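Descriptive structure summary
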Amino acid sequence: MTSPGGPGELAWERGTARILHDGRPVGVAFLIPGQLLLTCAHVISTLAGLPDDRPLPARFPVTLDFPLLPGRPAAEATVHFSVPVASDNSGDVAVLQLAGPPPPDAVPMRILEADDLAGHRWRAFGFPRYSGPDGGKDAGIWTRGTIEGREGTGWWQLTCDERAPFPLAGGFSGAPVWDEQYQGVIGIVVAVEGDQRRRTGYALPRRLHHTGGLRHDQDPAL
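Residues numbered from 1 in each chain as written. Predicted model: local features only at pLDDT ≥ 70, side-chain atom pairs only at ≥ 80, totals over all residues. Heavy atoms only, no water.

The gaps left among the atoms become clear once a water-sized probe is rolled over them. As enumerated under the stated definition, the model contains one cavity of 30 Å³ or more in all. Taken as a whole, the largest cavity encloses approximately 40 Å³ of empty space. Among the residues forming the lining of the largest cavity, the class breakdown is six nonpolar, no polar and five charged. (1 Å grid on protein atoms, 1.4 Å probe; cavity = no way out; pocket = protein on both sides within 12 Å on 5 of 7 lines; lining within 4 Å. Points joined across faces, edges and corners; volume = space filled by probe spheres on them. Nonpolar A, V, L, I, M, F, W, Y, C, P; charged D, E, K, R; others polar.)

Right, here's the structure in full:
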């Protein structure tokens, strides 16, 4: 098993970034080794005005910031590598290349690979939009719950706690999922149920991060 890419639980918070469009968050990315960030391809497809199953333009520009770091430092990045959403819901991965060094306090993360996660506790941080006049959470909110197990696509099924004030929703896409037992990131939030009363979302695990365009020693999840 790969250990998390930083000193304890604070590491993943320091590497979490907002993907911005006209100054508003549309999804999440997180820092990984090599001045790269990992997110969902469908988040960048929204920025590019493309269907989710279309390849992303090479070097497509992305604006982001790191809201959990002092001063909320901004950054620019471009699409380095991506796999669009396939008919079987595989793919949906985008790797972004920072235009310069990451902020000094940002900590890159690595994704753990494990098969025994059912029943583990998880946490995630995102920028969802809920119904109602004050439904936008541009500053970000936390949610938490239990990993139920894998479903047919290989995704991890995530159930939100009944007492968690905010369930998973649109705006969490690309967020790292922190496993409290293993103290590491075990996947990326890739989808949520449209009916928020189900309080359910899904995480893309490391083994489904198709990085066919990178050499094995360049795989950002390794």
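The next subject is the sheet that holds strand 2 (residues 24-32). The sheet built from six strands closes into a barrel, its strands ordered 1-2-3-6-5-4 with antiparallel pairing. Pairs of neighbouring strands in the sheet enclose a mean axial angle of 40 degrees, with direction left out of account. Relative to strand 6 (residues 91-98), strand 5 (residues 74-85) is paired through seven bridges, and the arrangement is antiparallel. By the bridge assignment for strand 6, Val-85 is matched with Gly-91. Helix 2 (residues 41-48) contacts strand 1 (16-21), strand 2, strand 3 (36-39), strand 4 (61-65), strand 5 and strand 6 of the sheet and is inclined by roughly 70 degrees relative to strand 6. (Pairing = 2+ DSSP bridges. Helix = DSSP H or I, 4+ residues; strand = E, 2+ residues; numbered from the N terminus. Axes fitted to C-alpha atoms, helices over the stretch in contact; angles between N-to-C directions. Contact = heavy atoms within 4.5 Å.)

Okay, the pairing of strand 4 next. For strand 1 and strand 4, the ladder comprises three bridges, and the chain directions are antiparallel. Bridge pairing in strand 4 links Ile-19 to Leu-64. Note: strand 4 against strand 5, five bridges, orientation antiparallel. Its bridge partner lying in strand 5, Pro-61 is registered against Thr-78.

So, about the side chain of Thr-143. Take Thr-143: it is sitting in strand 8 (residues 141-150). Note on Thr-143: relative accessible area 2%, which makes it buried. For Thr-143, the contacting residues outside a window of four places in its chain are Trp-122, Arg-123, Ala-124, Cys-160, Ala-164, Phe-166, Pro-167, Leu-168 and Phe-172. (Buried < 20%, exposed > 50% of the residue type's maximum accessible area, 1.4 Å probe, protein only.)

Attention now goes to the pairing of strand 1. For strand 1, the buried fraction is high: five of the six residues fall into the buried class. Here strand 1 pairs with strand 2 via six bridges, running antiparallel. Paired with Arg-18 across the two strands is Val-28, which belongs to strand 2. Adjacent in sequence and paired antiparallel, strand 1 and strand 2 are bridged by two residues, among which Asp-22 carries a positive phi angle near 55 degrees.

When you line up the elements, Pro-73 lands in the loop between strand 4 and strand 5. Assessed through its relative accessible area of 22%, Pro-73 is described here as partly exposed. When the C-alpha atoms of Pro-73 and Pro-103 are compared, they prove to be 6.8 Å apart, with 30 residues separating the residues in sequence.

All right, on to unusual backbone geometry then. With phi around 55 degrees, Asp-22 is a residue other than glycine that occupies positive phi space. Mapped onto the fold, Asp-22 is located in the loop between strand 1 and strand 2. In this structure Asp-22 comes out as exposed when scored by relative accessible area, which is 71%. If you check the backbone angles, Arg-72 has positive phi at about 45 degrees while not being a glycine. With respect to the helices, strands and loops of the structure, Arg-72 is situated in the loop between strand 4 and strand 5.

Before going further, it helps to examine the pattern of salt bridges. Under the defined criterion, the tally for this structure stands at eight salt bridges. The closest approach of N and O atoms between Arg-72 and Asp-65, which form a salt bridge, is 3.7 Å. With a relative accessible area of 5%, Asp-65 lands in the buried category. The residue Asp-161 makes a salt bridge to Arg-144 at a minimum N-O spacing of 3.5 Å. With a gap of 17 residues between them, Asp-161 in the loop between strand 9 (156-160) and strand 10 (176-179) and Arg-144 in strand 8 connect regions that are remote in the sequence. A residue is classified by how much of its surface remains accessible, and Asp-161, at 18% relative accessible area, is buried. By relative accessible area, Arg-144 is classed as partly exposed at 35%. Connected through shared salt-bridge partners, Arg-18, Asp-65 and Arg-72 make up one network. (Salt bridge = Lys/Arg side-chain N within 4 Å of Asp/Glu carboxyl O.)

None of the figures reported here should be taken as evidence of function without further support.
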